[in-house]
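A look at the structure
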Amino acid sequence: MNFDRKDTKLLMRLEPWLLLMVLSIIWGSTYILIKQGLTAFSSLDVGLLRTFFSGFFFIPLYFWLRPTLKQLSLSDWKYLALTGFFGSVFPTLLFAVGQQVVPSALVGMLNTLQPVFVLVIAFFAYNQRFSRNELLGTGLGCIGAVILVSAGSDLANITHHLFYCGVVLLGIISYGIASNLIRYRLKHISAVRLTAISISIWSIPAFIGIVLRYSAGQLPTTNHTVVALLAIAVLALLGTCVAISLYSRLILRYGLIFAVSITYFIPIVATMWGVLDGEAIYFLHFIGLVLVLGALYLINHRRQTSDEVVTQGKMKEV
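A brief look at the structure comes next. Bear in mind that the values here come from a model prediction, so they are computed numbers and not experimental data. (Residues numbered from 1 in each chain as written. Predicted model: local features only at pLDDT ≥ 70, side-chain atom pairs only at ≥ 80, totals over all residues. Heavy atoms only, no water.)

Let us look at the nonpolar core. For soluble globular proteins, the rule of thumb is that nonpolar side chains tend to be buried together. Core analysis: the biggest nonpolar cluster contains 44 residues, and Leu23, Trp27, Leu80, Val168, Tyr247, Leu250 and Ile262 have the highest contact counts within it. Dropping the residues within four chain positions of it, Leu23 is found in contact with Gly28, Ala243, Leu246, Tyr247, Leu250 and Ile262. In this structure, Leu38, Ala40, Leu49 and Ala228 belong to the second largest nonpolar core, which totals 16 residues. (Core = buried A, V, L, I, M, F, W, Y, C linked by side-chain atoms within 4.5 Å. Buried < 20%, exposed > 50% of the residue type's maximum accessible area, 1.4 Å probe, protein only. Contact = heavy atoms within 4.5 Å.)

Below, the discussion takes up the packing of aromatic side chains. The full count for this structure, using the stated rule, is 11 aromatic pairs. Three or more aromatic residues link up through ring pairs in this structure, and these residues are Phe52, Phe53, Phe56, Phe57 and Phe207. In this structure, Lys78 packs its charged tip against the face of Tyr79, placed 4.7 Å from the ring centre. (Phe/Tyr/Trp six-rings, centres within 6.5 Å; stacked < 30°, edge-to-face > 60°. Lys NZ or Arg CZ within 6 Å of the ring centre and 35° of its normal.)

A separate point is empty space enclosed by the protein. In the structure shown here, the tally under the stated rule is three cavities of 30 Å³ or more. In this model, the largest cavity occupies a volume close to 340 Å³. Surrounding the largest cavity, 26 residues form its lining, Trp27, Gly87, Gln114, Tyr175 and Ile244 being those nearest its centre. Elements supplying a minimum of two residues to the lining of the largest cavity: helix H2 (30–38), helix H5 (74–98), helix H9 (162–185), helix H10 (191–200), helix H12 (225–254) and helix H14 (262–276). A total of seven residues in the lining of the largest cavity trace back to one element, the largest contributor, which is H5. (1 Å grid on protein atoms, 1.4 Å probe; cavity = no way out; pocket = protein on both sides within 12 Å on 5 of 7 lines; lining within 4 Å. Points joined across faces, edges and corners; volume = space filled by probe spheres on them. Helix = DSSP H or I, 4+ residues; strand = E, 2+ residues; numbered from the N terminus.)

Packed helix pairs are specified by the crossing angle of their axes together with the interaxial distance, meaning the distance between the axes. Packing of helix H4 (residues 59–69) against H10 leaves a shortest axis separation of 11 Å and a crossing angle of 100°. Our classification of the angle between H4 and H10 gives roughly perpendicular. On H10, the residues that touch Leu61, Tyr62, Trp64, Leu65, Thr68 and Leu69 of H4 are Val192, Arg193, Ala196, Ile197 and Ser200. Classifying every residue of the contact of H4 with H10 gives eight nonpolar, two polar and one charged. (Axes fitted to C-alpha atoms, helices over the stretch in contact; angles between N-to-C directions. Parallel < 35°, antiparallel > 145°, perpendicular 65-115°, else oblique. Nonpolar A, V, L, I, M, F, W, Y, C, P; charged D, E, K, R; others polar.)

Printed below as a string of structure tokens:
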């Protein structure tokens, strides 16, 4: 019995880091899948197909969740719909548009600004205050992640892509809005229910959009279509369904600031993909990694507020 109790405590300590590792691998790999999807489909098609596939994969869960749906209030449904839009539909489309022009390295660099947007939105919309360590950790992590993705990258033509950089930034701001909605409006809903409902709500409009585009002859039928479609399906299953479920759990159980630290690891995974693709590794990459780890140390050795303690104590198991 004591052995089981020790195992449970060890698992609880390791869970947030395991979630971060899995999410880093998944989200750090999404850029390649998006690029593969764009070889045969337009950015709008990628967004519509990813949203539809994501809702389709959640259909079996509705047979399990159906008895609990009546417990949701009208306000819950409103915030679930908003979370699905800002956390999946809108950024999915914006990132697909942005990656038509903006290099993956630059997209990864811009994505590290997500914690900053989360903090700013929480400060102005929810009057949230953060400790000095959290603010220092966020700034340090952003610097480290920028170094990771910019080392050896050719960013000389960045001024010619300002519009598409703005599109990517808008998608990152959208993620920040969704993160705050989960933390401050939907913390009483389990991660699986939250993800399944918020994403599935938008699968029907996405399906209608696909039908309209297909009937108008907009969808492609090239040699790359099957591979691109498979890439989008994998992107929807892992990058949306699985990843957002884990991310929601991370926010609800371990706090908003710790959850957004996932953005520090994504550039590391993106760099590893670059190595596999023949990209050189520079000394600056190791400097960036040290800064990222230092940022995570600052963020996680923070003083928990009484609200966070209560939330973690009452959290339902998913």
